[in-house]
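Each chain is listed here by its residues.
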Amino acid sequence: MTIPDSGFMTENEPNCLPHTPEEEKKIIDELTRQSEANVKEGSLFYVISKRWYSSWRRYVEQGSGENDEWDSESQHKDLLPSKIVNRPGPIDNSDIVEKECEGRDLQLRRMLLEEDDYVLVSQEVWEMLLNWYKGGPSLPRKMITQGDLVKNLMVEVYPLCLKIIDSRDDSQAVIWLSKKASVQELYEKVRTIRGIEQHKVCLWDYFNKRKESLPNALGQTLEQLNLQMDQEVLLEVQADGNYAPEISMDSTGNELALVTVEPSRSSMTIAGGPTLSNGHAVGYNNNNVLRGSTFGGSASTDTDDRSYIYNPMKKGDNGGLAGLQNLGNTCFMNSSLQCLVHTPPLVDYFLQDYSDEINTDNPLGMHGELALAFGELLRKLWSSGRTAIAPRAFKGKLARFAPQFSGYNQHDSQELLAFLLDGLHEDLNRVKNKPYIETKDSDGRPDEEVADECWKNHKARNDSLIVDVCQGQYKSTLVCPVCEKVSITFDPFMYLSVPLPSTVTRSMTVTVLYGDGRGLPIPYTVNLIKDRCVRDLIEALGTACCLKSDENLLLAEIYEHRIYRYFENPSEYLSSLKPDERIVAYRYSKGAGTTRLEIMHRWQEKCLLDPFKGQRKLFGTPLVTYLGEDQINGVDIERAVSTSLSPLRRAVKLHSTKENGSTSEAVDEPSDSNDVRSMDNGEIEEVSSRELSFRLFLALDERGNTCKPLEKFSSLKSGKNIKVFLDWTEKEDESYDASYLKDLPEVYKPGNTAKKTRQEAISLFTCLEAFLKEEPLGPSDMWYCPRCKEHRQATKKLDLWMLPEVLVFHLKRFSYSRYSKNKLDSFVTFPIHHLDLSKYVKSKDGKPYLYELYAVSNHYGGLGGGHYTAYAKLIDENKWYHFDDGHVSPVSESDIKTSAAYVLFYRRIKGGPNAGDDSETHMAS
């Protein structure tokens with residue numbers, strides 16, 4: 001293989017000498033760019049251990065400042081710039097390889113492996129790294145297409161693992177095939193590993209030890225057959241070669257095997273695949289679903305969630321107590337499904353005939369198939385007694401319409417819940433032709449009028465069971481930070497994602513500097529909750545430094561002896577601050593002026609050949625002061641610089657006094673770090689008049705790359721930032737102590753940041769209030785102000801306006817940033833009965849908003865390796881049950897409040913006395 005324009009190696013150099021780190025990085029980056037530009041279905045990728053790959057990235061990026069993403073240790077300790085990273089050894093994938101695999105097909109450690117444990121590289125990159133470093137083993141993976149409505153290209157990291165059971169001796173062999181492989185490829189691989197002639201082999205779907213024949217259509221894929229990871233396939237061998245496949249019957253009498261001539265598929269099917277009744281395909285005509293008997297009076301079994309014709313039915317004995325089998329990291333799906341199938345309005349709806357509301361023409365829906373699949377699964381769960389159901393067909397349907405949930409990685413139960421609610425709504429949308437409606441601004445109209453108009457417009461396009469039961473409305477207020485334009489809209493919501501106020505504090509050290517020469521720089525350390533904002537930090541600093549009522553603090557980040565940015569938005573969160581950043585606060589009087597003067601310090605390094613020449617380098621911390629004059633000239637700036645530097649003066653003779661007839665000199669000693677020097681205007685002018693003449697240069701651009709000498713009597717425009725460079729000479733160094741401007745402390749130390757405060761459990765009301773508080777939009781979510789005609793970082797305030805019958809709270813336990821991923825295990829206390837939200841609803845309709853808990857989706861463990869379960873209440877029995885995949889057990893109501901609670905499901909009840917006793921007060925703390 002040749003590398004275009006690399007200039008480093010040829011294809012005839014199988015084991016060349018190592019390149020420099022920079023050369024290796026250049027080659028790999030170029031190969032990566034080429035492969036990303038040409039990626040397509042069938043492209044080959046290779047899995048590499050993240051541990052080894054990270055060591056290689058650190059090696060090739062050392063000294064470049066680019067290895068933050070790959071250096072996991074950089075977040076926990078300081079690495080000296082001079083530290084040399086050694087070249088890694090051979091590629092080592094041993095930490096991600098399956099240990100129990102039979103044969104030569106090495107596989108990843110499924111279920112135990114998180115996505116952060118490996119990286120994917122193109123075939124070209126793998127071959128180059130293997131050429132340089134050797135090692136292995138090789139783990140090739142193909143790019144496949146997932147999804148029907150939305151085609152997603154993804155690398156199939158986990159091929160399908162099937163266990164072949166030989167009926168002759170019950171021996172077992174493990175094979176690995178792509179889910180896109182055909183039934184014919186499965187037959188060929190089995191014949192190859194067993195050495196059996198083609199006409200003697202018959203394979204059976206042996207899921208849950210139930211023998212069901214595979215279809216005769218050899219072109220179907222394993223994915224279409226809903227074969228699952230690690231499931232068994234039964235191999236039978238006919239001695240005379242004349243094999244007649246059997247017809248397998250489920251407990252309802254339905255034939256599960258397909259006949260030789262596969263029935264034609266209708267335009268709409270239930271739960272994936274042709275609907276069969278007594279061995280015959282049943283078709284559908286447009287939206288009219290033919291009705292027929294399905295359950296035959298016997299309980300459903302743990303067989304595949306196959307197709308059934310449905311008719312109106314009632315809840316059976318022990319209805320709602322069936323578990324869902326785990327099909328391989330599908331606990332997230334099982335948890336969400338159990339919460340939904342125990343939602344009373346959904347149960348009542350899907351147990352009846354809902355065929356007339358199936359919308360097969362909605363381009364935003366799934367042709368009605370998702371609603372049909374969910375309805376059939378719900379009916380089976382409510383009719384199968386306590387027998388666990390294997391939702392294979394539903395999972396296959398989910399992979400078709402939501403490829404992000406395909407495969408066998410762990411996913412988020414709330415993300416699946418959001419998809420299901422939205423998908424069910426679109427499949428059941430009663431609106432066949434959505435009208436175009438132009439959104440109108442509020443323009444000062446009464447909120448009631450605007451809210452009513454917005455809801456009617458929403459219902460004109462969206463009308464379904466989900467809208468009737470699960471959707472509410474909130475008021476959104478946006479305010480432009482420049483022109484103060486106020487925009488009010490009323491938007492629908494399906495659930496409330498509420499943040500968890502952090503219980504973790506961190507100590508933050510900020511240096512406070514005086515711009516008006518009243519004191520020395522002083523570092524202050526304050527303790528703040530981790531997710532607080534700039535306003536909270538300023539308040540804590542103000543208390544620590546005894547800030548006066550007529551003073552302000554301006555926060556700034558210092559980088560390379562310049563002011564990198566100002567924290568001028570009080571609502572900006574501090575969570576983005578990294579441990580090694582330097583933060584300062586400039587203290588100034590509120591009436592100091594409007595023109596900000598930045599003073600940066602430079603020192604001229606001496607040249608051995610010419611003492612008058614040398615490179616100027618920045619040092620120390622910039623000073624900031626304000627100028628109030630309308631007309632500013634060089635003299636004003638020089639005076640302001642002198643005033644700002646006055647606290648740094650070394651011991652200088654200030655004045656003479658006569659004592660006992662003799663003249664003595666009073667010496668002004670430099671103040672210590674805790675002294676705040678007070679001077680009136682006369683004293684400042686006296687000091688300034690005797691000050692040295694500074695060498696000041698005016699910056700001509702924002703970055704300060706170009707500058708010119710500051711002329712004393714040149715006029716400058718006020719009302720904007722002015723930046724000057726102060727060139728320090730030996731005279732200034734003798735007169736001023738610049739050490740106070742050097743070696744700023746880091747904002748916080750990583751080892752001292754995770755201190756949990758001793759505070760009571762977080763209330764659900766506290767989370768709701770955090771959700772409703774005003775906050776700025778993110779930099780990537782700017783709002784286009786119609787008055788400014790520009791995108792602005794507006795402030796946003798949400799208010800609840802109308803609440804639905806079923807109210808879902810999503811507790812945002814997971815947080816993601818560029819440098820870390822985290823889960824909050826804080827205990828959130830929530831009412832089970834009599835959740836009163838009336839005071840949070842802004843509409844004046846006079847209705848009580850009282851709710852009762854009926855289901856909880858739980859998440860245990862950490863990121864990537866956790867487990868989901870569900871608690872659900874059978875309303876008719878007034879009893880709670882724990883649904884842990886296929887296992888269902890009763891649970892006491894007092895035990896359902898845990899720190900694992902992730903998604904809470906409430907249903908609205910009528911006002912009046914409490915529905916039950918609950919120790920949780922309904923008043924917000």
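Scroll up for the structure.
Residues numbered from 1 in each chain as written. Predicted model: local features only at pLDDT ≥ 70, side-chain atom pairs only at ≥ 80, totals over all residues. Heavy atoms only, no water.

Some words on the overall build of the protein
Note the following rule: Where helices and strands are cited, they refer to DSSP runs of H or I of at least four residues and of E of at least two residues respectively, numbered from the N terminus. Residue exposure (1.4 Å probe, protein chains only): buried if accessible area is under 20% of the type maximum, exposed if over 50%, otherwise partly exposed. In this analysis, two residues are considered to be in contact whenever any of their non-hydrogen atoms come within 4.5 Å of each other. Using a 1.4 Å probe, accessible areas were evaluated by the Shrake-Rupley method; residue-level cover was limited to the displayed protein chains.
Of the regular secondary structure elements, the protein holds 16 helices and 46 strands. The buried share of the protein, reckoned over its 925 residues, is 51%. Considering only contacts within the protein whose residues lie at least 6 apart along the sequence, 72% involve residues at least 24 apart. As presented, the protein carries roughly 44,400 Å² of accessible surface, and 48% of it is formed by carbon and sulfur atoms.

Here we look at the pattern of salt bridges
Put simply, the test is: Salt bridge criterion: a side-chain nitrogen from Lys or Arg within 4 Å of a carboxyl oxygen from Asp or Glu.
Using the criterion set out here, one finds 39 salt bridges in the structure. Here Glu 557 makes a salt bridge to Arg 565, at a shortest N to O gap of 3.0 Å. Residue classification places Glu 557 among the buried positions, given a relative accessible area of 6%. By relative accessible area, which is 24% here, Arg 565 ends up partly exposed.

What about unusual backbone geometry?
In the segment running from Gly 136 into Pro 137, the intervening peptide bond is cis, with an omega of 0 degrees. Tracing the backbone shows Pro 137 in the loop between β4 (135-136) and β5 (140-146). One non-glycine residue, Cys 546, lies in the positive phi region at around 55 degrees. Note on placement: Cys 546 falls in the loop between α12 (534-544) and β19 (551-559). Located in the positive-phi region is Asp 885, a residue other than glycine, with phi close to 55 degrees. On the secondary structure map, Asp 885 appears in the loop between β44 (879-884) and β45 (887-891). Residue class for Asp 885 comes out buried when judged on its relative accessible area of 12%.

Structural notes on the nonpolar core
Most often, soluble globular proteins keep nonpolar side chains buried together rather than apart. This is how it is decided: Joining through side-chain atoms within 4.5 Å is the link that ties buried Ala, Val, Leu, Ile, Met, Phe, Trp, Tyr and Cys residues into a set, and such a set is a nonpolar core.
Core analysis: the largest hydrophobic core is formed by 60 residues, its most contacted members being Phe 350, Phe 374, Phe 394, Phe 419, Leu 420 and Phe 905. Element by element, the count of residues in this core is highest for helix α7 (residues 369-381), at 8 residues. The residues contacting Leu 420, other than those within four sequence positions of it, are Leu 337, Leu 340, Leu 370, Phe 394 and Leu 398. In this structure, Phe 45, Met 143, Ile 165 and Val 183 belong to the second largest nonpolar core, which totals 39 residues.

Details of the side chain of Asp 427
The test is simple: A residue counts as positive if it is Lys or Arg and as negative if it is Asp or Glu; His and the chain ends are not included.
The topology assignment puts Asp 427 in helix α9 (residues 413-427). No salt bridge is formed by the buried Asp 427, whose closest oppositely charged neighbour, Lys 397, lies at an N-O distance of 9.0 Å. Beyond its immediate stretch of four places on either side in the chain, Asp 427 contacts Glu 357, Ile 358, Asn 359, Gly 365, Met 366, His 367, Gly 368, Glu 369, Leu 370 and Ala 371.

Section: the packing of helix α5 (residues 331-341) against α9
Convention followed: Lines fitted to the C-alpha atoms define the axes, with helices restricted to the stretch that makes contact. Angles between their N-to-C directions range from 0 to 180 degrees. Oblique is the label for every angle not falling under 35 degrees (roughly parallel), over 145 degrees (roughly antiparallel), or within 65 to 115 degrees (roughly perpendicular). If you view the pair so one helix is near and one far, a crossing is left-handed when the near helix is turned anticlockwise from the far one by less than a right angle, and right-handed when it is turned clockwise. Gly is put with the polar residues, along with every residue not named as nonpolar or charged; the nonpolar set is Ala, Val, Leu, Ile, Met, Phe, Trp, Tyr, Cys and Pro, and the charged set is Asp, Glu, Lys and Arg.
With their axes 8 Å apart at the nearest point, α5 and α9 run at an angle of 50 degrees to one another. Here α5 is positioned oblique relative to α9, judged by the angle of their axes. Crossing of α5 over α9 shows right-handed handedness. Across the interface between the two elements, Phe 332, Met 333, Ser 336, Leu 337 and Leu 340 of α5 pack against Ser 413, Gln 414, Leu 416, Leu 417, Leu 420 and Leu 421 of α9. The residue inventory of the contact of α5 with α9, partitioned by class, reads 8 nonpolar, 3 polar and no charged.

What about the pairing of strand β11 (residues 231-237)?
Just so we agree on the cut-off: Paired strands, in this sense, are two strands between which DSSP finds at least two bridges.
In terms of burial, β11 is largely enclosed, as 6 of its 7 residues are buried. Here strand β7 (residues 160-166) pairs with β11 via 5 bridges, running parallel. Bridged to Asp 166 within β11 is Leu 235. Relative to β11, strand β9 (residues 201-205) runs antiparallel, the two being bridged by 5 bridges. The residue bridging Trp 204 from the neighbouring strand is Leu 234, located in β11.

What to know about the packing of aromatic side chains
Under the convention used in this document: Two aromatic rings, drawn from Phe, Tyr or Trp (for Trp, its six-membered ring), form a pair once their centres lie within 6.5 Å of each other, and the interplanar angle then sorts them: stacked below 30 degrees, edge-to-face above 60, tilted otherwise. Ring-over charges, as used throughout, are those where CZ of Arg or NZ of Lys falls within 6 Å of the ring centre and within 35 degrees of the ring normal.
Under the definition given, this model contains 20 aromatic pairs. Ring geometry for Phe 405 against Phe 419: centres 6.2 Å apart, planes inclined by 55 degrees, an arrangement best described as tilted. Residue Phe 405 is located in the loop between α8 (392-401) and α9, and its partner Phe 419 is located in helix α9; the two are separated by 14 residues in the primary sequence. Both residues of the pair, Phe 405 and Phe 419, count as buried. Ring geometry for Phe 765 and Tyr 840: centres 6.2 Å apart, planes at 15 degrees, overall stacked. With Phe 765 in helix α16 (residues 764-772) and Tyr 840 in the loop between β41 (835-836) and β42 (850-860), this residue pair connects regions lying 75 residues apart in the sequence. Look at Phe 765 and you get buried, because its relative accessible area is 1%. Taking the relative accessible area as the measure of exposure, Tyr 840 reaches 7% and is therefore buried. By way of ring pairs, the aromatic residues Tyr 349, Phe 350, Tyr 354 and Phe 374 are connected into one cluster. Directly above the ring of Tyr 566 sits Arg 596, whose terminal nitrogen or CZ lies 4.2 Å from the centroid. Sitting over the ring of Phe 697, Arg 602 keeps its end group 5.2 Å from the ring centre.

Section: the packing of α5 against α7
It is the contact of α5 with α7, at a shortest axis distance of 11 Å, that shows an interaxial angle of 75 degrees. By the angle class used here, α5 and α7 are roughly perpendicular. Residues Leu 337, Leu 340 and Val 341 of α5 form the contact with α7, whose own contacting residues are Phe 374, Leu 377, Leu 378 and Leu 381. For the contact of α5 with α7, the per-class residue count stands at 7 nonpolar, no polar and no charged.

Concerning helix α2 (residues 50-61)
Note the threshold: Working rule for helices: expected span equals 1.5 Å times residues minus one. Polar contact criterion, stated in full: a pair of N or O atoms within 3.5 Å, where within protein one must be able to donate a hydrogen and the other to accept it, and residues adjacent in sequence count only if both atoms are side-chain atoms.
When the terminal C-alpha atoms of α2 are compared, their 16 Å separation across 12 residues agrees well with the 16 Å that a helix rising 1.5 Å per residue should span. Those residues of α2 not exposed but buried are Trp 52, Tyr 53, Ser 54, Ser 55, Trp 56, Arg 57, Arg 58, Tyr 59, Val 60 and Glu 61. One side-chain oxygen at the N-terminal end of α2 lies 3.2 Å from the backbone nitrogen of Arg 51; it belongs to Ser 49.

A closer look at the environment of Ser 413
Position of Ser 413 among the secondary structure elements: in helix α9. Accessibility expressed as a relative area gives 0% for Ser 413, which makes it buried. In this structure, the C-alpha to C-alpha distance between Ser 413 and Leu 337, residues 76 residues apart in sequence, is 9.1 Å. In contact with Ser 413, other than residues within four places in its own chain, are Phe 332, Ser 336, Ser 857, Tyr 868, Tyr 902 and Val 903.

Let's talk about the sheet that holds β5
One open sheet accounts for 4 strands, arranged β3-β1-β5-β6; its pairing is antiparallel. What marks the edges here is a single partner per strand, and that holds for β3 (118-122) and β6 (152-155). Taking the axes of each pair of neighbouring strands and ignoring which way they run, one obtains an average angle of 35 degrees across the sheet. By the bridge criterion, 4 bridges tie β5 to β6 in an arrangement that is antiparallel.

Notes on helix α3 (residues 123-133)
Side chains of residues three or four places apart in an α-helix project in the same direction, reflecting 3.6 residues per turn. Where α3 is concerned, the buried positions are Val 125, Trp 126, Met 128, Leu 129, Asn 131, Trp 132 and Tyr 133. Looking at the buried side of α3, the elements it contacts are α1 (21-37), β1 (44-49), α2, β2 (91-92), β3 and β4. Downstream of α3 by a residue or two, Lys 134 has a phi angle that is positive, lying close to 60 degrees.

Considering the sheet that holds strand β14 (residues 472-479)
Overall, antiparallel pairing links the 4 strands, which are arranged β15-β14-β36-β33 in an open sheet. Lying at the two open borders of the sheet, with one neighbouring strand each, are β15 (486-493) and β33 (775-776). Both β33 and strand β36 (residues 795-802) contribute to a ladder of 2 bridges, which runs antiparallel. Note that in β36 the partner of Glu 775 across the bridge is Lys 796.

Here we look at the environment of Leu 44
Mapped onto the secondary structure, Leu 44 falls in strand β1. Counting along the chain gives 80 residues from Leu 44 to Glu 124, while the straight-line C-alpha distance between them is 9.1 Å. Ignoring any residue separated from it by four or fewer positions in sequence, one finds Leu 44 in contact with Ser 122, Gln 123, Pro 140, Arg 141 and Lys 142.

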